[in-house]
Amino acid sequence: MTQGEEKIMNKAFCEKLSHLSIEGTAEEIVHRFIEHLKFDLGKDEFSATPYDCYVSFASAVKDILMDRWLITQPQEYALQRKRVYYLSLEYLIGRSLGNAILNLDIQKQSIKALTENGFDLSLLSELEWDAGLGNGGLGRLAACFLDSMATLKIPAYGYGIRYEYGIFFQHIINGEQVETPDNWLRYGSVWEIARPARLFPVYFGGIVKEEILEDGSKKMRWIPEETVMAMAYDYLVPGFQNNYVNTLRLWSAKSTREFNLAYFNEGDYMQAVADKNHSEMIAKVLYPNDNKMQGKELRFRQEYFFVSATLQDILRRFLKKESDLRKLPEKAAIQLNDTHPAIAVAELMRILVDERNLPWEIAWEITQQCMAFTNHTILPEALEKWQVLLFEKLLPRHLQIIYEINERFLSSIRITGLYDDDFISRVSLIEEEPVKSIRMANLAIVGSHSVNGVSELHTDILKHLIFKDFYALWKDKFNSKTNGITPRRWLMLCNPLLSELITQAIGSAWKTDLKELAKLNKYKNDSTFLEDLGEVKRQNKLEFCKYYEDLHKRKLNPESIFDFQAKRIHEYKRQHLNALGIIHLINQIRDGKTPYPQSFFFAGKAAPGYFIAKLIIRFICALSDYIEKDKELSRYLSVIFLPNYRVTLAERIMPPAEISRQISLAGTEASGTGNMKFALNGALTIGTLDGANIEIREAVGEENFFLFGMTAAEVKNLKESGYHPYEMMRQNEDIKRIFDFIESDILNPLNPGLFTPLTDLLLYQGDKYCLIADLPDFIRVNAEAVKVYQDKQQWNRMSLANIANMGKFSSDETIKGYAKDIWGV
Ligand SMILES: *Cc1c(COP(=O)(O)O)cnc(C)c1O
């Protein structure tokens, strides 16, 4: 151990250091629990709160993680294998305690340690706050990938931002969403390790100067105006029961002012502290938009801040062992999770060309070979474009580099004579109209050796629609990697009863090889097993009822069909289509046709500035109220909006779910992963041919999936040939009655016209997401599902077919695909 060049530890001490390791016995866990309580928190039997006990116990578990991490990391350092760097602005992690205990394989000891001392693991676990550093699917995917990379022993680092405020808390007050801040670090986090010395400067603004070197060549020098320091916080990522622990490194922003003594000598202490706040704003808050670009300067700063710090850290690690940067692609694979980190292309070029003096062509080779880009959405409003004015202000040198990348790229295709001016303006990195901007997706595509979509349909749309010009240029760059979910969190942790049933039937191999679940197919005609499966679902429903009734003081009907739509609220996801289907059921009950009892659960956050999404929440809550207050209706129906959808709530709802609603308009949902969680836990999907639904349906068998709606091709045809939703409504009595019901204001007597903006969008403003067109088939499929449900054995058989055939949707499988086809690890 050295500090600078000087040894600070003698041999005897080093011996002791390497010999102190933790086995993880119950005794050790209790001992460490007590030590943390006493000596970290300074608490005793009188002063310790339940939260103190959670913190101290979790800290004991973290000690074991740390011990394994301190074995993994030097091993990997010695091996010098190629490392994977996953760059993501979001990580939707949820809780860590249960996952750490499971992956460390210390469940038995932990429960023994706790119960012998009068504690309850599940009660303590409930005290942990969710780490909600993401909006939805994209951030959760990043978290599942970290779990799988560690499980597959891939030397991998996640990089992102340590937001002080994660995704907001959602409250429902008088049937409306109200947001409050998620101050998740108020009491600190047990799981993070601050690295105050792992500090990098990140620069903004200023000017670029041209210098003439001695040999007459020109060189650009960026003279920035502002510096913000990025400080590392590490989170340990354990693989599943393999003693392998990776690192998630999140950057926090620190002002340089506290390091700048001269500043204080100038005497402007108050201004120094004010400036400090300004710099530290960068890592303050997660932008709460899902699938929408907002174009705010602070977001632009966040993106560059984390990319710059990350690339400095990657190069530092590389240069410890190597000196020739040409070898970087042999040692580092950099995966860009959407375009949010796409500025990495220009930043790596800047470092290689300006700071390391490599020739442009060599630097470009290195950059392209390192970078790979994952696209997550084709919604036009989500595609990132940053104004050139913003670049000029904050990243003037990067703008020059992007111009040069663009010029070289465009002239390389012009020279072939194969492409016209329209083509060239479409693939250009620069958009001229309406405001001159940089197209970040084009930058990411040009600067990467791999571009992938996240399901087969989505990749097809990339190739043939939104990136078709790039596909014409570089067919080989494009590939598909269907998303996946980790079976540890999304089955073993959240659904112990089902996990146990599966293990009893087919053994434990499915935990690391989910395709083993196919062995369950042999039980499809075993009525005892099917009954056991039904019993597990029933128990999970009862458990959920208890949880819900304790929390919300409202009764649920466990005999009803548990039907869930849980995901961000978005027009393209069509929660309002689900609501229209429920109004149809109301109309049927009014006609005297009594349905099988059904409980419709909705959960999901709306972006705070997304008016229509918030109105959809009000619509669902109004429907919920109306039904609850009506004796006749509430006998058969209930609609429940579960507030504050987050990873922990998702873990609660997967086990009891019987129907999973995946009803986005075909061609809009890139993949979906909620669809996978539900199906893996035995819910049957009512879904469109969209995203990964198509592959789920193929895997589980079309007879075990409730399909409805248009295909993506039919949507395209309908829109091209002229879609007239109002006329369609007029010609369909069921649909007409649904809209009459809404327009009667019976849901909102005190607030007439409240939902007019919503119905206007559908009837008079083009119904962009084709709810009206899909509604008749939706009504049909809902009735079909309810009919099938009444044959319990048939339903359980279909449920089993779903569980048994979800193997390919393990994120382990997805990561194997990235490792082989993209990263070469
Ligand atoms: C899985 C998950 C999502 C993604 O759900 P989709 O249905 O794929 O949009 C969003 N939020 C949370 C909390 C999740 O766990």
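Residues numbered from 1 in each chain as written. Predicted model: local features only at pLDDT ≥ 70, side-chain atom pairs only at ≥ 80, totals over all residues. Heavy atoms only, no water.

By the naming in an unreviewed UniProt entry, the chain goes by Alpha-1,4 glucan phosphorylase and is assigned to Cloacimonas acidaminovorans. What UniProt records for the chain under Catalytic activity (unreviewed entry) is the sentence "[(1->4)-alpha-D-glucosyl](n) + phosphate = [(1->4)-alpha-D-glucosyl](n-1) + alpha-D-glucose 1-phosphate". Among the UniProt annotations of the chain, the heading Cofactor (unreviewed entry) holds the following wording: "pyridoxal 5'-phosphate". (UniProt positions renumbered as here; feature names shortened; annotations may be inferred.)

(A) Region of the structure containing the environment of Leu-319. Considering the arrangement of structural elements, one finds Leu-319 in helix α10 (residues 297-319). Separated by 46 residues in sequence, Leu-319 and Glu-365 have C-alpha atoms that sit 18 Å apart. Those residues in contact with Leu-319 that sit more than four places away from it in its chain are Leu-325 and Arg-356. (Helix = DSSP H or I, 4+ residues; strand = E, 2+ residues; numbered from the N terminus. Contact = heavy atoms within 4.5 Å.)

(B) Structural context of the side chain of Ser-279. Its location among the elements puts Ser-279 in helix α9 (residues 269-280). Residue contacts for Ser-279: discarding those within four places in its chain leaves Val-228, Ala-253 and Ser-255.

(C) How the structure looks around the sheet that holds strand β26 (residues 706-707). Overall, parallel pairing links the six strands, which are arranged β23-β22-β21-β24-β25-β26 in an open sheet. Strands with a single pairing partner mark the edges of an open sheet, and in this sheet they are β23 (637-642) and β26. The pairing of strand β25 (residues 684-687) with β26 spans two bridges and is parallel. Within the sheet, the bridge partner assigned to Ile-686 lies in β26 and is Phe-706. Its contacts with the sheet place helix α23 (residues 575-590) against β21 (561-566), β22 (598-603), β23 and β24 (659-662), and it is angled at close to 155 degrees to β22. (Pairing = 2+ DSSP bridges. Axes fitted to C-alpha atoms, helices over the stretch in contact; angles between N-to-C directions.)

(D) The arrangement of the site of the ligand in detail. Near the ligand lie 14 residues; those nearest to it are Lys-567, Lys-573, Thr-673, Gly-674 and Lys-677. The contact in question runs from an oxygen atom of the ligand to an N or O atom on the side chain of Lys-567, over 2.7 Å. In isolation the ligand exposes 390 Å². Once the protein is present, 96% of that is buried. Elements with a minimum of two residues in the shell around the ligand: α26 (647-653) and α27 (674-680). For the shell around the ligand, the class distribution of residues is five nonpolar, five polar and four charged. (Near = heavy atom within 4 Å. Polar contact = N/O pair within 3.5 Å; in protein donor to acceptor, adjacent residues only side chain to side chain. Areas by Shrake-Rupley, 256 points an atom, 1.4 Å probe, with all protein chains shown as cover. Nonpolar A, V, L, I, M, F, W, Y, C, P; charged D, E, K, R; others polar.)

(E) Structural context of the sheet that holds strand β6 (residues 156-161). Pairing within the open sheet is mixed, and its nine strands lie in the order β9-β12-β13-β6-β3-β14-β15-β19-β20. Edge positions in the sheet fall to β9 (192-204) and β20 (478-480), since each has one partner strand and no second. Pairs of neighbouring strands in the sheet enclose a mean axial angle of 25 degrees, with direction left out of account. Relative to β20, strand β19 (residues 450-453) runs parallel, the two being bridged by three bridges. If you follow Asn-452 over to β20, its bridge partner there is Asn-479.

(F) Up close: the pattern of salt bridges. Enumeration over the complete set of coordinates arrives at 56 salt bridges. The closest approach of N and O atoms between Lys-555 and Glu-549, which form a salt bridge, is 3.5 Å. The buried category is assigned to Glu-549, whose relative accessible area is 19%. Across the salt bridge formed by Lys-573 and Glu-669, the nearest N and O atoms sit 2.8 Å from each other. You can see Lys-573 sitting in the loop between β21 and α23 and its partner Glu-669 sitting in the loop between β24 and α27, a full 96 residues away along the chain. Of the two residues, Lys-573 and Glu-669, both sit in the buried class. In this structure, a network of salt bridges that share partners links the residues Arg-195, Asp-234, Arg-249, Asp-313, Arg-316 and Arg-317. (Salt bridge = Lys/Arg side-chain N within 4 Å of Asp/Glu carboxyl O. Buried < 20%, exposed > 50% of the residue type's maximum accessible area, 1.4 Å probe, protein only.)

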